[in-house]
Amino acid sequence: SHSGDLVYGLLEKRPVIAMEGRLHYYEGYSMQEITFPIRVMSALGAKSLVVSNAAGGLDPQFQCGDIMLIDDHINLMGDNPLIGPNDDSMGPRFPDMSQPYDKAFLELAEKVALSAGIRLHRGTYVALTGPCLETRAEYRYLRAAGAEAVGMSTVPEVIVGVHLGMRILGLSIITDICIPDALEPLTVEDVISTAKSTEPMMTEVVRRFVAAARV
Ligand code: HPA
């Protein structure tokens, strides 16, 4: 639903390159294809990566339109962009995943959001392939597995970012509430409309983060 443009320029006097939209695994692209832009950005000199998504909220404390900082993830996509021969000049065969989301970035994002009066949650994002939304039983299972938010993206890009040694900040807009015993039917229009109304808040957090980050 995004424009698909690649935007390059200065944000808060810092050089940034940004994708208006991304490729999804459920569209039929390979893991290597959907993560190729991350390799291009890294090759162009990007050392830090900010990833965002729309996600379903599994934590009963969450409300539609909230923002969650991703502090860990669970890969349930059944695939991995690093499968195949490893190019040792890009990164290690077995990348460490003990802290994929940069600790200092998490703290800084919380701090700049607070200064703008924006409350952020922190939690684990679980990625599935989609394109189906999840069943009630699946939501129960994902919550029990330890996730606070669920979506169909982000984890492949983060894996490749970690492989390349990038520092990563991840943010989810909670576009719908996935409580199994109170589940309402969901359409993509609902997701887009919530994401759109939270966008100014997300923009403010990212703008302040970029201005304050030491990279
Ligand atoms: N699952 C449930 N709700 C969602 C998702 C998802 O993958 N993405 C955005 N809202």
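Up top is the structure these notes are about.
Residues numbered from 1 in each chain as written. Predicted model: local features only at pLDDT ≥ 70, side-chain atom pairs only at ≥ 80, totals over all residues. Heavy atoms only, no water.

## Describing the overall build of the protein
For the protein, the helix and strand inventory stands at 5 helices and 7 strands. Traced from its N-terminal end to its C-terminal end, the protein shows the element sequence β-β-α-β-β-α-β-α-β-α-β-α. Taken over C-alpha atoms, the radius of gyration comes to 17 Å for the protein, in line with the 17 Å a tight globule of 215 residues would show. Based on the C-alpha atoms only, the size of the protein along its principal axes is roughly 50 × 40 × 35 Å. Within the protein, the fraction of its 215 residues that count as buried is 43%. By sequence separation, contacts in the protein at least 24 residues apart represent 81% of the contacts at least 6 residues apart. Considering the protein, the positive charge centre built from 18 side chains and the negative charge centre built from 27 side chains are found 9 Å apart. (Helix = DSSP H or I, 4+ residues; strand = E, 2+ residues; numbered from the N terminus. Rg over C-alpha atoms; globule rule 2.2 N^0.38 Å. Buried < 20%, exposed > 50% of the residue type's maximum accessible area, 1.4 Å probe, protein only. Contact = heavy atoms within 4.5 Å. Lys, Arg positive; Asp, Glu negative; His and termini not counted. Charge placed at Lys NZ, Arg CZ, Asp CG, Glu CD.)

## Overview of the packing of aromatic side chains
Overall, the coordinates contain 1 aromatic pair when judged by the stated rule. Between Phe105 and Phe209, the aromatic rings sit 4.9 Å apart at their centres with planes inclined by 85 degrees, giving edge-to-face as the arrangement. You can see Phe105 sitting in helix H2 (residues 103–115) and its partner Phe209 sitting in helix H5 (residues 188–212), a full 104 residues away along the chain. In this structure, Phe105 and Phe209 share a single accessibility class: buried. (Phe/Tyr/Trp six-rings, centres within 6.5 Å; stacked < 30°, edge-to-face > 60°.)

## Quick word on the packing of H2 against H5
Close contact between H2 and H5 brings their axes to 9 Å; oriented N to C, the two are set at 120 degrees. As the angle between them shows, H2 and H5 are arranged oblique. In terms of crossing hand, the pair formed by H2 and H5 is right-handed. Residue-level contacts link Phe105, Leu108, Ala109, Val112, Ala113 and Ser115 of H2 to Val205, Arg208, Phe209 and Ala212 of H5. Within the contact of H2 with H5, the residues separate by chemical class into 8 nonpolar, 1 polar and 1 charged. (Axes fitted to C-alpha atoms, helices over the stretch in contact; angles between N-to-C directions. Parallel < 35°, antiparallel > 145°, perpendicular 65-115°, else oblique. Left-handed = near helix turned anticlockwise from the far one by under 90°. Nonpolar A, V, L, I, M, F, W, Y, C, P; charged D, E, K, R; others polar.)

## Focus: the pattern of salt bridges
Overall, the coordinates contain 8 salt bridges when judged by the stated rule. Put simply, Arg207 and Glu12 hold a salt bridge, and the shortest N to O gap is 2.4 Å. Here Arg207, found in helix H5, pairs with Glu12, found in the loop between strand S1 (6–11) and strand S2 (14–19); they are 195 residues apart in sequence, far enough to count as distant. For Glu12, a relative accessible area of 34% translates into the label partly exposed. The salt bridge involving Glu204 is made with Arg207; its shortest N-O contact spans 3.1 Å. You can see Glu204 and its partner Arg207 sitting in helix H5, 3 residues apart, about one turn around the helix. Connected through salt bridges with shared partners, the residues Glu12, Glu204, Arg207 and Arg208 form a single ionic network. (Salt bridge = Lys/Arg side-chain N within 4 Å of Asp/Glu carboxyl O.)

## Structural notes on the packing of helix H1 (residues 31–43) against helix H4 (residues 155–163)
Relative to each other, H1 and H4 sit at 50 degrees, their axes nearing to 9 Å. Here H4 runs oblique to H1, going by the angle between their axes. In the packing of H1 onto H4, the handedness of the crossing is right-handed. Of H4, the residues touching H1 (which contributes Met31, Ile34, Thr35, Ile38 and Arg39) are Pro156, Glu157, Val160, Gly161 and His163. Of the residues contributing to the contact of H1 with H4, the split by class is 5 nonpolar, 3 polar and 2 charged.

This is a description of form; function is not addressed.
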